[in-house]
2 protein chains.
Amino acid sequence: VRALEFRDGSLRLLDQRRLPHEIIWIECRDYVTVAEAIRTLSVRGAPAIGLAAAYGVVLAAQTARDGSTFREDVSKAMEVLARTRPTAVNLFYALGRMRAAVESHAGEPPEELTRHLRAEADAMMEADQAANQAMTAFGASLIPDGAGVLTHCNTGALVSSVLGTALGAIRVAHEQGKSVHVWVDETRPLLQGARLTTWELQQLGIPFTLITDNMAAHFMARGKVDLAMVGADRIAANGDTANKIGTYGVAVLARAHELPFYVVAPTSTVDLTIPSGEAITIEERRPEEVMSFGGVPVSPPNITVANPAFDVTPARLISGIVTEGGIATDPYAPRLSEHVRAGAGVPAR
Amino acid sequence: VRALEFRDGSLRLLDQRRLPHEIIWIECRDYVTVAEAIRTLSVRGAPAIGLAAAYGVVLAAQTARDGSTFREDVSKAMEVLARTRPTAVNLFYALGRMRAAVESHAGEPPEELTRHLRAEADAMMEADQAANQAMTAFGASLIPDGAGVLTHCNTGALVSSVLGTALGAIRVAHEQGKSVHVWVDETRPLLQGARLTTWELQQLGIPFTLITDNMAAHFMARGKVDLAMVGADRIAANGDTANKIGTYGVAVLARAHELPFYVVAPTSTVDLTIPSGEAITIEERRPEEVMSFGGVPVSPPNITVANPAFDVTPARLISGIVTEGGIATDPYAPRLSEHVRAGAGVPAR
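On a predicted model such as this, the values are computed, not experimentally measured, just so you know. (Residues numbered from 1 in each chain as written. Chains lettered and ligands numbered in written order. Predicted model: local features only at pLDDT ≥ 70, side-chain atom pairs only at ≥ 80, totals over all residues. Heavy atoms only, no water.)

Trainee: Whenever I open this one, the overall build of chain A confuses me. Can you help?
Mentor: If you tally the helices and strands in chain A, you get 11 helices and 16 strands. Taken against the 2.2 N^0.38 rule, which gives 20 Å for 349 residues, the C-alpha radius of gyration of chain A at 20 Å falls within 12% of a compact globule. By its C-alpha atoms, chain A is 65 × 50 × 40 Å across when sized along the principal axes. Across the 349 residues of chain A, 63% fall into the buried class. Contacts spanning at least 24 positions in sequence make up 74% of the contacts within chain A whose residues lie at least 6 apart. Looking at charge distribution, chain A has the averaged site of its 32 positive side-chain charges lying 2 Å from that of its 39 negative ones. (Helix = DSSP H or I, 4+ residues; strand = E, 2+ residues; numbered from the N terminus. Rg over C-alpha atoms; globule rule 2.2 N^0.38 Å. Buried < 20%, exposed > 50% of the residue type's maximum accessible area, 1.4 Å probe, protein only. Contact = heavy atoms within 4.5 Å. Lys, Arg positive; Asp, Glu negative; His and termini not counted. Charge placed at Lys NZ, Arg CZ, Asp CG, Glu CD.)

Trainee: Whenever I open this one, the pairing of strand β4 (residues 147–151) of chain A confuses me. Can you help?
Mentor: Along any regular strand, the residues point their side chains to alternate faces of the sheet. All names here are of chain A. For β4, a buried count of five out of five residues is recorded, marking the element as mostly surrounded by other parts of the structure. Going residue by residue along β4, you find Ala147, Val149 and Thr151 tucked away on one face and Gly148 and Leu150 tucked away on the opposite face as well. Taking the sense of rotation as the criterion, the β-α-β connection linking β4, helix α6 (residues 166–175) and strand β5 (residues 180–185) turns out right-handed. In this structure, β4 lies alongside strand β7 (residues 227–230), joined through two bridges in parallel fashion. Looking across to β7, one finds that Leu150 is bridged to Ala228. (Right-handed = clockwise from strand over helix to strand, strands pointing away. Pairing = 2+ DSSP bridges.)

Trainee: Please explain the packing of aromatic side chains as it appears in this structure.
Mentor: The relation between two aromatic rings is expressed through the spacing of the ring centres and the mutual angle of the planes. Inspection of every chain in the model, using the stated rule, returns five aromatic pairs over all chains. Note that Arg12 of chain A overlies the ring of Trp25 of chain A, its terminal NZ or CZ placed 4.6 Å from the centroid. In this structure, Lys244 of chain B packs its charged tip against the face of Phe310 of chain B, placed 4.7 Å from the ring centre. (Phe/Tyr/Trp six-rings, centres within 6.5 Å; stacked < 30°, edge-to-face > 60°. Lys NZ or Arg CZ within 6 Å of the ring centre and 35° of its normal.)

Trainee: How do you make sense of the nonpolar core when you look at a structure like this?
Mentor: A general tendency of soluble globular proteins is for nonpolar side chains to be buried together. Ranked by size, the top nonpolar core spans 135 residues in total, and within it Leu150, Met229 and Phe261 of chain A together with Leu150, Met229 and Phe261 of chain B carry the most contacts. Here Met229 of chain B is in contact with Gly139, Leu142, Ile143, Val149, Leu150, Thr151, His152, Ala166, Ala169, Ile170, Tyr262 and Val264 of chain B, once residues within four sequence places are set aside. (Core = buried A, V, L, I, M, F, W, Y, C linked by side-chain atoms within 4.5 Å.)

Trainee: So what exactly am I meant to see when it comes to the relation of the copies chain A and chain B here?
Mentor: The second copy of the chain is related to the first by a rotation about an axis and a shift along the axis. Note on the identical chains: chain A maps onto chain B by a rotation of 180 degrees and an axial translation of 0.0 Å, with an RMSD of 0.2 Å. Put plainly, the chains are arranged around a two-fold axis. Most of the interface of chain A is mirrored in chain B: 98% of its interface residues are interface residues there too. (Least-squares fit on C-alpha atoms with pLDDT ≥ 70 in both.)

Trainee: Hey, could you run me through the sheet that holds strand β1 (residues 4–7) of chain B in this one?
Mentor: Within a sheet, adjacent strands bond to each other through the backbone by hydrogen bonds, running parallel or antiparallel. All names here are of chain B. Read from one edge to the other, the open sheet built from three strands follows the order β1-β2-β3, with strand pairing classed as antiparallel. Each edge of the open sheet carries a strand with a single partner, namely β1 and β3 (25–28). Here the strands of the sheet are splayed against their neighbours by 20 degrees on average, with no regard to which way each runs. Bridging between strand β2 (residues 10–14) and β3 involves four bridges; their strand directions are antiparallel. (Axes fitted to C-alpha atoms, helices over the stretch in contact; angles between N-to-C directions.)

Trainee: Is there a simple way to explain helix α2 (residues 46–64) of chain B in this structure?
Mentor: One turn of the α-helix equals 3.6 residues, which is why residues spaced by three or four share an orientation. With 19 residues, α2 of chain B should cover 27 Å at 1.5 Å per step; its first-to-last C-alpha distance of 27 Å lies within 8% of that length. Summarising burial for α2 of chain B: 17 of the 19 residues are buried, a large majority. (Expected span 1.5 Å × (residues − 1).)

Trainee: I keep staring at the interface of chain A and chain B and nothing clicks. Help me out?
Mentor: By convention, interface size is frequently given as the accessible area that disappears when the constituent parts associate. On the chain B side, the residues contacting the 54 residues of chain A number 53 residues. Across the chain A/chain B interface, buried area totals approximately 3,900 Å², and carbon plus sulfur atoms make up 70% of it. When the buried surface of chain A facing chain B is broken down by residue, Leu210, Asn214 and Val298 of chain A rank first, second and third, together holding 16% of it. Our count for the contact surface shared by chain A and chain B stands at two salt bridges. (Buried area = accessible area lost by both parts, 1.4 Å probe. Salt bridge = Lys/Arg side-chain N within 4 Å of Asp/Glu carboxyl O.)

Trainee: How do you make sense of the pattern of salt bridges when you look at a structure like this?
Mentor: Pairs may arise between side chains of opposite charge once their charged atoms sit close together. Applying the stated criterion across every chain, the model contains 34 salt bridges over all chains. In this structure, Arg17 of chain B and Asp15 of chain B form a salt bridge, with 3.3 Å as the shortest nitrogen-oxygen distance. We note a salt bridge from Arg97 of chain B to Glu120 of chain B, for which the minimum N-O separation is 2.9 Å. With a gap of 23 residues between them, Arg97 of chain B in helix α4 (residues 89–104) and Glu120 of chain B in helix α5 (residues 110–140) connect regions that are remote in the sequence. One network of salt bridges, in which partners are shared, links Glu5, Arg7, Arg12 and Glu27 of chain A.

Trainee: Can you walk me through the environment of Asp213 of chain A in this structure?
Mentor: Tracing the backbone through its elements, the reader meets Asp213 of chain A in the loop between β6 (208–211) and α8 (216–221). Judged by relative accessible area, which is 10%, Asp213 of chain A ranks as buried. Once you skip the residues sitting within four places of it in the chain, Asp213 of chain A turns out to touch His152, Asp185, Glu186, Thr187 and Arg188 of chain A together with Asn214 of chain B. Looking at Asp213 of chain A, its side chain comes within polar contact range of the main-chain nitrogen of Thr187 of chain A, at 2.8 Å. Within polar-contact distance, the side chain of Asp213 of chain A engages the backbone nitrogen of Arg188 of chain A at 2.9 Å. (Polar contact = N/O pair within 3.5 Å; in protein donor to acceptor, adjacent residues only side chain to side chain.)

Trainee: Looking at this structure, I do not really get helix α6 (residues 166–175) of chain B. What am I missing?
Mentor: Residue and element names in this part refer to chain B. Of all the 10 residues making up α6, seven are buried; the element is thus mostly covered by neighbouring parts of the structure. Among all positions of α6, only Ala166, Leu167, Gly168, Ala169, Ile170, Val172 and Ala173 are buried. Those residues of α6 that are buried are in contact with α5, β4 (147–151), β5 (180–185), α7 (192–204), β7 (227–230) and β10 (261–264). One or two steps after α6, the chain reaches Gly177, where phi turns positive at roughly 95 degrees.

Below you can see the structure in the form of structure tokens.
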């Protein structure tokens with residue numbers, strides 16, 4: 001299972017909207033196709049969105065290479081890619097690094113610049129792989145043998161370059177020989193848990209039970225869940241964490257049942273430019289996602305629907321934030337900035 | 001909108017599986033059809049299940065009237081109806097009353113007994129109407145002008161003889177001229193909120209917003225919800241309440257956000273024979289309900305799924321239990337038995 005690969009000058013994305021029923025790769029030869037794939041969630045998960053955008057810029061540079069409008073074309077691609085989804089900060093982190101690469105090689109000809117952009121995207125891909133290895137090992141250390149682990153949305157190999165975040169940590173714990181049972185929130189409205197997490201766990205041979213989101217409290221009360229572990233789309237300097245809608249509810253429930261609640265994400269998801277979660281823009285998606293599924297309408301037509309794609313979990317409800325730099329605990333501000341400094345160290349914007 | 005009516009010797013049930021897209025009535029001329037309608041949720045909601053079962057017994061008596069096996073046939077119908085769904089106590093309450101009617105007229109001929117059974121079912125229908133009027137008025141008194149009210153599942157006119165329970169109270173508050181905004185949990189897996197509550201609210205002209213279950217916490221944190229109000233399938237003597245899966249989670253979230261959480265149900269839902277919620281049997285339904293959405297398969301096939309149809313909210317998380325006898329508060333045990341004594345007063349079994 002992998003979400004994306006850059007090969008022979010084009011970016012291949014596994015179409016996550018069609019999973020688990022069909023395995024279809026989208027062949028992107030231009031940045032417009034990449035932007036559309038991000039917008040429609042064909043590629044999703046904060047780290048994967050960042051990497052896809054980086055290679056989107058490479059595609060823009062490749063196709064613009066011979067023109068006199070090279071810099072303009074690449075800039076425009078960055079703008080279009082930046083407007084696809086507002087919440088996951090990895091998108092802006094990746095575009096920030098690509099912009100920095102353009103600027104630090106400003107005088108060079110298009111062909112050279114394209115080479116530098118490709119190298120920068122590859123470097124991010126490699127850094128993401130290394131971060132994945134490190135953070136999933138730290139995350140696995142938080143999972144006791146015999147644990148029931150509740151997870152929300154999909155945070156496995158589909159969301160990044162290799163292992164993923166929270167689900168990657170669960171996978172590593174399993175590979176270490178620990179007995180783990182995963183409680184998989186289906187994760188409405190787009191059912192990433194029911195469609196993708198079950199599919200990944202099935203392939204990995206890790207035992208799990210699929211539940212609807214509203215069953216989590218019931219199984220916590222019955223002692224089936226020992227901890228909750230989720231990913232992140234943006235982590236503010238103080239540790240407040242934006243993640244898939246429903247995450248905040250899981251955190252409140254975990255606290256009420258005295259269960260640890262962990263966030264696993266690379267430092268490219270940490271946004272030190274915002275002090276707290278209040279500053280995080282929450283994407284509002286189309287009402288149809290709530291009113292129907294797979295094209296089949298559920299509710300009456302013409303009704304009022306809310307569809308925030310994310311919510312914000314305040315740092316006080318988080319037992320630990322795991323990055324490639326280690327396991328940060330409250331107070332998060334000093335620890336997270338240490339992790340970021342030790343990591344790639346490039347600011348988000 | 002009404003869930004059921006007995007007319008010209010047959011029971012008509014509005015097929016709630018087909019709503020809101022189609023208005024189809026199921027014509028039941030025998031108890032087997034009624035049992036099937038209860039099992040498949042064509043008729044649902046604790047009070048409506050009880051009334052449907054009562055009329056199911058009437059149908060059994062009508063068709064058995066001329067045979068020498070009258071008592072056996074009626075007994076068998078009661079057994080079959082009792083096995084349809086295990087959690088909603090109104091089913092057992094209604095069948096208990098029908099059995100008592102048979103016993104108190106033991107010596108009479110089938111025709112007479114059938115008349116008594118019909119009279120008993122009609123009496124329950126009338127009592128349910130009166131209970132609905134009273135409890136929705138009490139419930140409405142708990143809803144302040146301008147309130148945002150979160151509700152779960154469907155608890156309107158479709159679940160009983162007339163107004164319903166929690167949604168009935170919201171309707172009465174609206175009819176009293178209060179400004180009310182309803183936050184409608186879609187209520188997975190069978191989407192009674194998305195399909196039925198929205199449909200009823202639309203017809204009543206009450207403003208609402210449909211959300212997925214996992215958005216409730218987000219809107220509570222944002223100050224949009226002032227209280228939560230739900231129905232019940234069985235209330236133990238101490239106030240512990242079984243209701244649609246997800247209700248317990250809403251109660252935990254309400255408490256964490258310091259919001260009142262109210263249960264609205266007739267005394268026919270109170271089961272004084274069980275001391276606490278631990279004794280309540282939780283119905284486990286087919287995994288396919290979770291693995292698909294609106295009939296569309298979602299997850300991979302052949303996976304492990306949990307599908308408890310109900311959960312139990314402990315009395316300590318409930319701010320008030322509203323019956324036709326008034327608003328009971330903690331400690332619930334003495335208040336609930338007063339309400340039951342003042343009500344129909346017939347024990348559940």
